[in-house]
Amino acid sequence: MEAVVSTQSTGVSNQKLHEDPVVTVAQINLKRKEFDDKCQPIVNKPKPKVEPPPVPAEEKKEEPTETPMESTDSNTEQAPPPPADPPADPASADPSSMDLD
């Protein structure tokens with residue numbers, strides 16, 4: 001497509017103003033239609049459907065029947081995570097409070 005445009009633009013630039021045009025609107029529309037006819041089947045082609053791989057029967061048997069969240073033992077409680085340590089120097093933690101020269 002670029003080759004056609006560059007060839008036609010070279011012809012137009014070398015032409016005198018009183019001569020008939022090198023490129024007509026009908027020629028441009030014809031090239032556009034040819035381009036669309038080649039591209040539209042590719043663009044409109046549906047994506048192939050991907051089937052998920054089958055899960056082997058052995059893996060299905062190995063799945064645990066009870067997840068850790070469903071534990072019936074109420075005596076075990078998880079400790080909350082430790083609080084984050086604040087930085088030693090608060091001024092160095094926030095770059096917006098830095099002194100600028």
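Residues numbered from 1 in each chain as written. Predicted model: local features only at pLDDT ≥ 70, side-chain atom pairs only at ≥ 80, totals over all residues. Heavy atoms only, no water.

Looking only at helices and strands, the protein chain has four helices and zero strands in total. For the protein chain, the succession of helices and strands along the chain, N to C, is α-α-α-α. Counting all 101 residues of the protein chain, 2% fall into the buried class. (Helix = DSSP H or I, 4+ residues; strand = E, 2+ residues; numbered from the N terminus. Buried < 20%, exposed > 50% of the residue type's maximum accessible area, 1.4 Å probe, protein only.)

What follows covers the confidence of the model for the protein chain. On average, residues of the protein chain score 75 in pLDDT, and 56% of them are at 70 or above. Averaged pLDDT values for the elements of the protein chain fall to 55 in helix 4 (residues 90-93) and rise to 94 in helix 2 (residues 25-43). (pLDDT = per-residue confidence, 0-100.)

What follows concerns the side chain of Q15. Considering the arrangement of structural elements, one finds Q15 in the loop between helix 1 (2-13) and helix 2. Classification of Q15 by relative accessible area gives buried; the value is 17%. Ignoring any residue separated from it by four or fewer positions in sequence, one finds Q15 in contact with D20, P21 and V22. (Contact = heavy atoms within 4.5 Å.)

Below, the discussion takes up a nonpolar patch on the surface. A grouping of M1, V5 and F35 is seen on the molecular surface, where their side chains present a nonpolar patch of about 300 Å² in accessible area. Topologically, F35 is positioned in helix 2. Residue F35 is classed as partly exposed on the basis of its relative accessible area of 40%. (Patch = residues over 30% accessible without salt bridge, like charges linked within 9 Å, V, L, I, M, F, W, Y side chains within 5 Å. Areas by Shrake-Rupley, 256 points an atom, 1.4 Å probe, with all protein chains shown as cover. Salt bridge = Lys/Arg side-chain N within 4 Å of Asp/Glu carboxyl O.)

With respect to the helices and strands, T10 occurs in helix 1. By relative accessible area, which is 43% here, T10 ends up partly exposed. Through-space distance from the C-alpha of T10 to that of V22 is 9.7 Å; in sequence the pair is twelve residues apart.

This part covers the pattern of salt bridges. Applying the stated criterion across every chain yields a total of three salt bridges. Residue E34 is joined to K31 by a salt bridge in which the shortest nitrogen-to-oxygen separation is 4.0 Å. In this pair, E34 and K31 are both assigned in helix 2, three residues apart and thus about one turn of the helix distant. Close ionic contact of R32 with D36 constitutes a salt bridge, the shortest N to O distance being 3.3 Å. Here R32 pairs with D36, and both are found in helix 2, just four residues apart, close to one helical turn. Residue R32 is classed as partly exposed on the basis of its relative accessible area, which comes to 47%. Look at D36 and you get partly exposed, because its relative accessible area is 26%.

In this model, helix 2 (19 residues) spans 26 Å end to end at C-alpha, consistent with the 27 Å of a helix rising 1.5 Å per residue. At D37, helix 2 is bent by approximately 25°, the largest bend along its length, and proline P41 sits one to four residues beyond. (Expected span 1.5 Å × (residues − 1). Bend = angle between axes of the 7 residues up to and from the residue.)

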